[in-house]
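# Chain and residue survey
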Amino acid sequence: MDFFTTTSKASRRAADCIIVGVYDRGKLSAGAADMDAASKGALTGLFKSGDLPPAVGKARVLNSLDGVRAKRVVVAGLGKASQFGAKQYRAAVAAAMQALAGSKVQTIANYLSLEDINGLDAYYKARHAVQAIGDSQYTFQQMKSGRKTPGMPLKKLGNAIAARGEAQRASRGAEHAIAIVAGMALTKDLGNLPPNVCTPSYLARTAQKMARQHKRLTAKILNEPEMKRLGMHSLLSVTAGTVEPAKMIILQYKGAGSDKPIVLVGKGVTFDSGGISLKPGPAMDEMKYDMGGAAGVLGTMETVARLQLPVNLNVVVPAVENMPSGTATRPADIVKSMSGQTIEILNTDAEGRLILCDALTYSKRFKPAAIVDVATLTGACVIALGHHHTGVMGNSDDLENEIVGAGVDAEDRGWRLPLTDEYTKQLKSNFADFANVGGRDGGAITAGCFLKNFTDGMTWAHLDIAGTAWVSGAQKGSTGRPVPMLSEFILSRCGQLP
Ligand code: BES
Ligand code: MN
Ligand code: ZN
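In this text, all values refer to a predicted model and were calculated from it rather than measured experimentally.

### A word on the coordination of the manganese ion (ligand 2)
Every protein donor of the manganese ion (ligand 2) is listed here as Asp272 (OD), Asp349 (O), Asp349 (OD) and Glu351 (OE), and their distances to the metal cover 2.0 to 2.2 Å. Its six donor atoms give the manganese ion (ligand 2) angles of 72 to 168 degrees at the centre, a pattern that matches the irregular case. Within one chain, the residues serving as donors to the manganese ion (ligand 2) are arranged as D-x76-D-x1-E. Here the manganese ion (ligand 2) and the zinc ion (ligand 3) are spaced 3.1 Å apart, linked through Asp272, which binds each one. Taken together, the residues Asp272 in strand β10 (residues 268-272) and Glu351 in the loop between β13 (342-344) and α10 (352-363) connect sequence positions 79 residues apart.

In structure tokens form, the structure reads like this:
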């Protein structure tokens with residue numbers, strides 16, 4: 001998709017579609033006001049008759065407006081002008097795209113970028129718009145037989161800018177957005193694929209394919225005998241009940257010489273039945289999303305490799321399936337992790353931490369500048385934060401705050417939870433160094449405390465994406481989170497943001 005910037009008046013700009021907006025009480029966006037003048041008050045008239053709803057999330061398509069060159073105009077609701085921020089801006093663009101669904105639109109010019117969006121500069125105005133438009137085009141149809149619904153034949157996408165001097169920054173924002181959309185699409189595809197297709201081996205093949213497609217990217221896959229030799233008995237205990245072979249996937253992207261790498265570790269449980277501590281039936285299908293952490297870090301790698309960023313980034317994915325069987329791990333089993341610490345497995349459904357701990361220990365060899373693990377780790381995190389914020393924990397205030405800040409700028413938010421000593425005590429075991437569960441209270445935090453035991457000497461953060469990686473219900477599907485948050489974090493770390 002090509003990106004362009006334009007300084008033309010909205011009414012004079014040729015395009016299949018132009019996006020403008022209306023605030024509450026009928027205040028028109030700059031582009032809409034220009035079209036209103038050119039059409040002798042058509043938009044004002046439509047607002048008065050109630051045909052242009054001003055609420056964020058609403059949008060109307062107007063065809064062949066008098067005095068306007070573009071074929072179509074979408075008027076998106078913008079809400080209160082005083083509250084128009086990045087979030088409303090993205091929702092307005094997304095609503096405009098929804099209103100256009102099914103139309104054969106090849107060129108879109110977004111004129112909402114002329115608005116005052118709580119101090120956003122040209123970079124972020126383009127980033128957010130292109131991301132919202134790109135993301136709106138995602139569909140998952142690969143498992144359907146028969147004819148697929150064709151998408152919009154979008155070829156060119158542009159932002160109005162106030163002055164030529166903004167063009168370069170806007171193009172940068174668009175370029176980053178297109179790579180983030182591609183990363184999110186990979187994350188969504190991996191999440192949405194069924195667990196009989198997206199197995200640990202499938203994730204490994206995906207990583208190998210990425211390494212073939214991108215410069216500076218190499219893949220290494222460890223199989224079970226290799227993991228056994230390394231002493232990853234905690235990870236291997238989770239795969240004991242399944243016939244699917246476990247894989248440890250390591251992707252290394254080298255874009256910054258000998259700099260210490262950022263390491264992203266993603267939980268790759270391709271199906272979590274709970275094991276012998278079997279989960280209840282309702283919604284168990286959603287446990288195909290239990291590789292959302294893996295999908296998120298692979299998607300972030302896709303973004304970074306597409307942009308060929310000046311950074312060293314390693315992605316580590318412990319990939320397993322958690323199933324019950326006669327060979328499965330039992331509650332009460334004790335295993336020795338790669339770190340040497342022993343774990344009493346009191347609940348085989350707390351398996352994510354059992355694979356992540358060995359992946360964290362393995363990652364020490366990379367001497368990370370920062371290590372971030374990403375996991376659909378606990379139902380308790382969903383109880384604590386719902387579906388809006390990712391849980392952010394760790395052993396470094398600076399790193400956690402940096403990640404929360406990146407989430408704000410990327411509109412992919414996280415919220416910190418405390419990993420203080422009191423919680424660690426809940427993991428006490430009478431028989432091993434600690435147990436793998438700490439009771440119901442503060443479950444997201446005790447899971448974080450468990451992981452903390454494996455991060456000595458590293459600057460570490462943990463993202464619990466159990467509430468944010470996918471949505472349930474009629475719109476069931478992967479969200480592509482936290483690719484925007486992690487991409488922002490990395491773009492910022494390697495000095496690519498304005
Ligand atoms: N993958 C689940 C966490 C999960 C559950 C994410 C529901 C999203 C929705 C994880 O492996 C798990 O089962 N965690 C247990 C931990 C408990 C046994 C301490 C949980 O959250 O119930
Ligand atoms: Mn589980
Ligand atoms: Zn799980």
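### With respect to the sheet that holds strand β6 (residues 156-160)
Ordered by their spatial adjacency, six strands build an open sheet running β1-β6-β5-β2-β4-β3, and the pairing between neighbours is mixed. Each end of this open sheet is capped by a strand with a single partner; those strands are β1 (2-6) and β3 (59-63). Across the sheet, the axes of successive neighbouring strands diverge by a mean angle of 25 degrees, strand direction being ignored. Note that strand β5 (residues 107-110) and β6 share four bridges and pair parallel. By the bridge assignment, Ile108 is partnered in β6 with Leu157. Across the sheet, helix α3 (residues 86-100) lies against β2 (17-23), β3, β4 (72-79), β5 and β6, angled at about 145 degrees from β4, the strand it touches most.

### Some points on the site of ligand 1
In the region of ligand 1, 16 residues are neighbours, and Lys279, Asp290, Asp349, Glu351 and Gly379 sit closest. In this structure, Asp290 approaches ligand 1 through a side-chain N or O atom, which is 2.8 Å from a nitrogen atom. Interatomic distance of 2.8 Å between a side-chain N/O atom of Asp349 and an oxygen atom of ligand 1. Taking 510 Å² as the accessible area of ligand 1 by itself, protein coverage stands at 77%. Looking at the shell around ligand 1, its residues break down into five nonpolar, four polar and seven charged.

### Observations concerning the pattern of salt bridges
The full count for this structure, using the stated rule, is 16 salt bridges. Two residues, Glu351 and Lys267, come together in a salt bridge whose shortest N-O distance is 3.1 Å. Within this pair, whereas Glu351 is found in the loop between β13 and α10, its partner Lys267 is found in the loop between β9 (262-266) and β10, the two being separated by 84 residues in sequence. With relative accessibility at 0%, the residue Glu351 sits in the buried group. Classification of Lys267 as buried rests on a relative accessible area of 1%. In this structure, Lys279 and Asp349 form a salt bridge, with 2.8 Å as the shortest nitrogen-oxygen distance. Pair noted here: Lys279 is in the loop between β10 and α9 (292-307) and Asp349 is in the loop between β13 and α10, with a separation of 70 residues, a long-range link. Given a relative accessible area of 21%, Lys279 falls into the partly exposed group. Each of Lys267, Asp290 and Glu351 takes part in a single network of salt bridges with overlapping partners.

### Structural notes on the side chain of Gln496
Within the element layout of this structure, Gln496 appears in the segment after α15 (483-493). Residue classification places Gln496 among the buried positions, given a relative accessible area of 15%. At 2.8 Å, the side chain of Gln496 and the side chain of Arg172 are in polar contact. In this structure the side chain of Gln496 is engaged in a polar contact, spanning 2.9 Å, whose partner is the backbone oxygen of Cys494. Beyond its immediate chain neighbours, meaning those up to four positions away, Gln496 contacts Arg172, His176, Leu309, Pro310 and Leu491.

### Some remarks on the sheet that holds β13
Pairing within the open sheet is mixed, and its three strands lie in the order β12-β13-β17. Looking along the sheet, the strands with just one partner apiece sit at the ends: β12 (334-336) and β17 (434-435). Here three bridges tie β12 to β13, and the two strands are oriented antiparallel to one another. Paired with Ile334 across the strands is Glu344, a residue of β13.

### A short note on the pairing of β9
The element β9 is extensively covered by neighbouring structure, given that five of its five residues are classed as buried. Alternating residues of β9 divide into Ile262, Leu264 and Gly266 and Val263 and Val265, and every residue in both groups is buried. Relative to strand β11 (residues 312-322), β9 runs parallel, the two sharing four bridges. Counterpart to Val265 in the pairing with β11 is Val316. Bridge count between β9 and strand β14 (residues 370-375): five bridges; the pairing is parallel. Note that in β14 the partner of Gly266 across the bridge is Val374.

### Side note on the packing of aromatic side chains
All told, the structure shown has eight aromatic pairs when counted by the stated rule. Centroid distance Tyr23 to Phe84: 5.7 Å. Interplanar angle 85 degrees. Geometry classified as edge-to-face. Pair noted here: Tyr23 is in strand β2 and Phe84 is in the loop between β4 and α3, with a separation of 61 residues, a long-range link. Between Tyr123 and Tyr124, the ring centres sit 4.8 Å apart and the planes meet at 85 degrees, which makes this aromatic pair edge-to-face. Tyr124 shares its class with Tyr123; the two are buried. Members of the aromatic cluster, connected to one another through ring pairs, are Tyr23, Phe84 and Tyr89.

### Remarks on the domain arrangement of the chain
Splitting the chain by domain gives domain 1 (2-163) and domain 2 (182-493). Just the C-alpha atoms count here: the centres of domain 1 and domain 2 sit 37 Å apart. The tally of links between domain 1 and domain 2 comes to two salt bridges. For Glu488, the salt bridge identified is with Arg127, shortest N-O distance 2.6 Å. At the boundary of domain 1 and domain 2, one finds five residue pairs in polar contact (both at pLDDT 80 or more). Of all the elements, helix α4 (residues 122-136) adds the most residues to the side of domain 1 that touches domain 2, at six residues. Classifying every residue of the side of domain 1 that touches domain 2 gives six nonpolar, three polar and four charged.

The rules behind the values
- Residues numbered from 1 in each chain as written.
- Chains lettered and ligands numbered in written order.
- Predicted model: local features only at pLDDT ≥ 70, side-chain atom pairs only at ≥ 80, totals over all residues.
- Heavy atoms only, no water.
- Donors = N, O, S within 2.8 Å, 3.2 Å for Na, K, Ca; no water.
- Tetrahedral: all angles 85-135°; square planar, octahedral: opposite > 155°, others 65-115°.
- Helix = DSSP H or I, 4+ residues; strand = E, 2+ residues; numbered from the N terminus.
- Pairing = 2+ DSSP bridges.
- Axes fitted to C-alpha atoms, helices over the stretch in contact; angles between N-to-C directions.
- Contact = heavy atoms within 4.5 Å.
- Near = heavy atom within 4 Å.
- Polar contact = N/O pair within 3.5 Å; in protein donor to acceptor, adjacent residues only side chain to side chain.
- Areas by Shrake-Rupley, 256 points an atom, 1.4 Å probe, with all protein chains shown as cover.
- Nonpolar A, V, L, I, M, F, W, Y, C, P; charged D, E, K, R; others polar.
- Salt bridge = Lys/Arg side-chain N within 4 Å of Asp/Glu carboxyl O.
- Buried < 20%, exposed > 50% of the residue type's maximum accessible area, 1.4 Å probe, protein only.
- Phe/Tyr/Trp six-rings, centres within 6.5 Å; stacked < 30°, edge-to-face > 60°.
- Domains from an automatic or database assignment.

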